[in-house]
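Now for the letters of each chain:
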Amino acid sequence: NATTFDQMLNSLDGQKYGAYKRIKGRYQFENYQLSVDHIQVDPYAPPSKMRIIMDRKTAGIPHKWLDTQDKRIAVADFLTRTFEKAIQAISKKTKSEINRMIFIDHCGQEILQRTSVVINDNELEVRFEVGLPAAGRKIKGRTASYLFKKILPEIVEQSLLYQNLDQEVLKKQLTLMLDQSFIRAELAKRNLVAFVANGSILPRQSGVSDKPLKKAIPFESPANFEIQFTLPSGRTVTGMGLPAGITLIVGGGFHGKSTLLQALERGVYHHIPEDGRELVVTRPDAAKIRAEDGRNIEKVNISSFINHLPGGKDTRTFSTEDASGSTSQAANVMEALEAKSSLLLIDEDTSATNFMIRDGRMQKLIAPDKEPITPFTNKIRPLYETLGVSTILIVGGSGDYFDVADQVLMMDEYRLKDVTEAAKTIANSEGYRREKVSSEQFGDLPARIPLKKSFDKSGKEGRLKVKGKNTILYGREPIDISGLEQLVDNSQTNCIAEMIGFLQKQIIDEKVTLLQAVDKLYAYIEKKGIDAISPYSGHPGNLALPRKQELCAAINRYRGLKVKNETMD
Ligand code: ADP
Ligand code: MG
């Protein structure tokens, strides 16, 4: 129990650091159990992993706030944040560096399903880390004793006992998240792809801060796109409902176009109160599509966009270790479709021009059979009409999309206006007409089956390690996922690494397609929790659930990936 644990820590004082491993185990404290799962090997290694396990009765959070998965995620997120705040507060109060010794996963503006706090039917578990104190390489047992006897119980008391929580704020976060879920479900029913509430604050403080910009101009919907929801919380919200189909966003440079699109990209996630984007809600499968030259492509059918490459390279199973802007963007579209996205988000700022447009003059100069690329202008309608996939795109530098757009919205000094009619009039006036080369069909979709040999790595080569948000090391092979703009959290990257490990061990069998394998994995997690894919018992590491889209995208960027095509090989 707690007393023996404390005696042990005191008796370790002055011993070699390695002796800390003796404290592994489970100890009963007054309000909770402490489980010491993993001990760091030396003071400079990643901190030791521990859990607090508390009865739900002791914590006292009302049952009605924990009776669905959504609610548990909202509450767990809240508790993770309060735990971190309590660490900071006690650090300040005691004028010590507690915040450099005790850690919990850090939550950003999004609310994600995480392993930091897990709530099951009877218990609540907090997974945190402790840098066990040392002087040089000797154990500071007395400091450790103080940490576990005085500090940790206070953190727990402040951040996990319902009576001490800011109940109003918790309730607000919970009801807000349920409102967001409601809108997201409602989008599909009303044939909408996105909703942006009036009054939303879209711009962020800076390129490195995801907090809302102060003194921003709040979002206002163009009148004819305004819709209303009566939310589960009882409040009514008004804002822009973007219908399925093709939405073109135009406007001068620096008028706020990319800011709007970025808010929509993030709208696939729940946001915390006061974020400014908490009522910006997008279809959950929306995929940002960009050019990403240099990426690896493994046997993707990009023939809808690119054909007759010089040298007669087959674009139905297109592979390259160094994609160009246009081929990478084509592959990104095809892979998003393979992962079943129903909404594509495209910004001219990050697109390959020759993929997006080819104007009338260029069509006259270059004969169609000399140009391998069918620009996106010609595929965007078949994409919607035959596959039901909508697109929201920003093109400020060309009118080529006027013909094919269902609605054209203009950003004018951060204010959105409907200019559909004016754009259509221009598109139909003789002087501006461009040659029509529209093809009726979209083309074939990829259905690729990952081969076992892609993941057949043994020993050190099979180990997965994460370097920041944007790189996963698979053995010595780095997987660069910096192009995944909708990946928002380091812990999602950690989770993707564990997922690849799990797929390799349990799921890849040369019968299932990439998406089927990923679906299987998510079904498994749905049933058993994220913990179940971690190779560790106890503290599973800091993991946050990514979307299927980002997992597929990460696998697609792995240079060792080998696939066969369901139909063509
Ligand atoms: P565009 O894509 O049209 O060139 P951006 O979206 O990049 O423009 O926005 C340009 C600048 O304006 C950015 O610094 C952004 O933070 C700021 N901004 C965007 N929307 C707003 C707003 N509603 N209120 C105040 N500033 C904004
Ligand atoms: Mg822009």
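Look a little higher up for the structure.
All of these numbers come straight from a predicted model, not from anything done at the bench. (Residues numbered from 1 in each chain as written. Chains lettered and ligands numbered in written order. Predicted model: local features only at pLDDT ≥ 70, side-chain atom pairs only at ≥ 80, totals over all residues. Heavy atoms only, no water.)

Brief notes about helix H4 (residues 141-160)
Working step 1: If you check H4, its first and last C-alpha atoms are 27 Å apart, about what 20 residues at 1.5 Å a residue would give, namely 28 Å.
Working step 2: The largest bend in H4 is about 35°, located at Ile 151, with the proline Pro 153 one to four residues further on.
Working step 3: Of the residues making up H4, those classed as buried are Gly 141, Ala 144, Ser 145, Leu 147, Phe 148, Ile 151, Leu 152, Pro 153, Ile 155, Val 156, Ser 159 and Leu 160. (Helix = DSSP H or I, 4+ residues; strand = E, 2+ residues; numbered from the N terminus. Expected span 1.5 Å × (residues − 1). Bend = angle between axes of the 7 residues up to and from the residue. Buried < 20%, exposed > 50% of the residue type's maximum accessible area, 1.4 Å probe, protein only.)

Focus on the coordination of the magnesium ion (ligand 2)
Working step 1: For the magnesium ion (ligand 2), the protein coordination sphere consists of Ser 258 (OG) and Asp 349 (OD), at 2.1 to 2.2 Å. Remark: Asp 349 occurs in the loop between strand E21 (343-347) and helix H8 (353-356) and Ser 258 occurs in helix H6 (residues 257-266); sequence separation between them is 91 residues.
Working step 2: For Asp 349, a relative accessible area of 56% translates into the label exposed. (Donors = N, O, S within 2.8 Å, 3.2 Å for Na, K, Ca; no water.)

Observations regarding the site of ligand 1
Working step 1: Neighbouring ligand 1 are 13 residues, the closest being Ile 217, Phe 254, Lys 257, Ser 258 and Thr 259.
Working step 2: A distance of 2.9 Å separates an oxygen atom of ligand 1 from a polar atom in the side chain of Lys 257.
Working step 3: In the complex, the protein chains occlude 78% of the 570 Å² of accessible area that ligand 1 would expose alone.
Working step 4: Among the residues making up the shell around ligand 1, the classes are represented as six nonpolar, six polar and one charged. (Near = heavy atom within 4 Å. Polar contact = N/O pair within 3.5 Å; in protein donor to acceptor, adjacent residues only side chain to side chain. Areas by Shrake-Rupley, 256 points an atom, 1.4 Å probe, with all protein chains shown as cover. Nonpolar A, V, L, I, M, F, W, Y, C, P; charged D, E, K, R; others polar.)

What to know about the environment of Phe 229
Working step 1: Mapped onto the secondary structure, Phe 229 falls in strand E13 (residues 226-230).
Working step 2: When the C-alpha positions of Phe 229 and Leu 176 are compared, they lie 13 Å apart, and in sequence the two are 53 residues distant.
Working step 3: Leave out the neighbours within four places in its chain, and Phe 229 touches Phe 182, Ile 183, Glu 186, Arg 190, Leu 192, Phe 195, Arg 235, Thr 236 and Val 237. (Contact = heavy atoms within 4.5 Å.)

Overview of the packing of helix H13 (residues 514-528) against helix H14 (residues 548-556)
Working step 1: Between H13 and H14, whose axes approach to 10 Å, the crossing angle comes to 130°. If you check the angle between H13 and H14, you find them oblique. Relative to H14, the crossing made by H13 is right-handed. Counting all contacts with H13, which are made through Leu 514, Val 518, Asp 519, Leu 521 and Tyr 522, the residues of H14 involved are Lys 548, Leu 551, Cys 552, Ile 555 and Asn 556. (Axes fitted to C-alpha atoms, helices over the stretch in contact; angles between N-to-C directions. Parallel < 35°, antiparallel > 145°, perpendicular 65-115°, else oblique. Left-handed = near helix turned anticlockwise from the far one by under 90°.)

Such coordinate-based values are descriptive only and should not be taken to indicate function.
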